[in-house]
Amino acid sequence: MSAADELLDIVDENDRVIGQSPRGEAYARGLRHRCVFIQARDGEGRLFVHRRTATKLVFPSLYDMFVGGVVGAGESYDDAALREAEEELGVSGLPRPEPLFTFLYDDDAGRSWWSSVYQVRCDLPVSPQAEEVAWYAFLPEEEVDRRLSDWEWVPDGLAAYRRLKEYRRATA
């Protein structure tokens, strides 16, 4: 099955399931669905950062400071977070990511999804999927912050990153 054929739950403005649709159709029609964003840190506290491949359906070739993706039809956010983190990092046996908060991403241009943000520590050697990740590194957060204006980032990940920084300031 191709990524475009993956079945997603379509949700309303309150994150209630109102139907299902293949991913490609959901993207083409701007149907609201669910996504997970997982901030992965190594044992030294550095953030996993990567550049998406040119073949990605959404935001090809852009940088991201999260691993993650869509929540499949009938799948929980928590299960999707673990599945996506292990898939994108190329690991098995990752601890269950810790849920932090959820927000509605909407770019006012037809892209809208409920977004659940997580964090996880990854002490395992990573081997990201070549079809998903073109480049990667674990970078100190200060370097990621310096690169925010230099690299072209996925807009939903950038929105999640800014909200995560606010969340951490508010809960510190």
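Predicted, not measured: the structure shown is a model, and the values here were computed from it. (Residues numbered from 1 in each chain as written. Predicted model: local features only at pLDDT ≥ 70, side-chain atom pairs only at ≥ 80, totals over all residues. Heavy atoms only, no water.)

1. A word on the packing of aromatic side chains
Here the structure, examined in full by the defined rule, presents 13 aromatic pairs. When the ring of F101 is compared with that of Y167, the centres are 5.2 Å apart and the planes differ by 35 degrees; the resulting orientation is tilted. One end of the pair, F101, is in strand β7 (residues 98-106); the other, Y167, is in helix α4 (residues 155-171), with 66 residues separating them in the sequence. Since its relative accessible area comes to 16%, F101 is described here as buried. Ring pairing ties together the aromatic residues F37, F66, F101, F103 and Y167, which thus form one cluster. (Phe/Tyr/Trp six-rings, centres within 6.5 Å; stacked < 30°, edge-to-face > 60°. Helix = DSSP H or I, 4+ residues; strand = E, 2+ residues; numbered from the N terminus. Buried < 20%, exposed > 50% of the residue type's maximum accessible area, 1.4 Å probe, protein only.)

2. Focus: the UniProt feature "domain: Nudix hydrolase" (unreviewed entry) in the protein
UniProt annotation of "domain: Nudix hydrolase" (unreviewed entry) refers to residues 31-172 when read in the numbering used here. End-to-end, the C-alpha atoms of residues 31-172 are 36 Å apart, and along that stretch the chain is 26% helix and 33% strand. (UniProt positions renumbered as here; feature names shortened; annotations may be inferred.)

3. Focus: the pattern of salt bridges
Applying the stated criterion across every chain yields a total of 16 salt bridges. R23 serves as the salt-bridge partner of E6, at 2.5 Å between the closest nitrogen and oxygen. Note that E6 is positioned in the segment before β1 (7-11) and R23 in helix α1 (residues 23-29), a separation of 17 residues in sequence. E6 gets classed as buried once you look at its relative accessible area, which sits at 19%. By relative accessible area, which is 13% here, R23 ends up buried. In this structure, E141 and R41 form a salt bridge, with 2.7 Å as the shortest nitrogen-oxygen distance. (Salt bridge = Lys/Arg side-chain N within 4 Å of Asp/Glu carboxyl O.)

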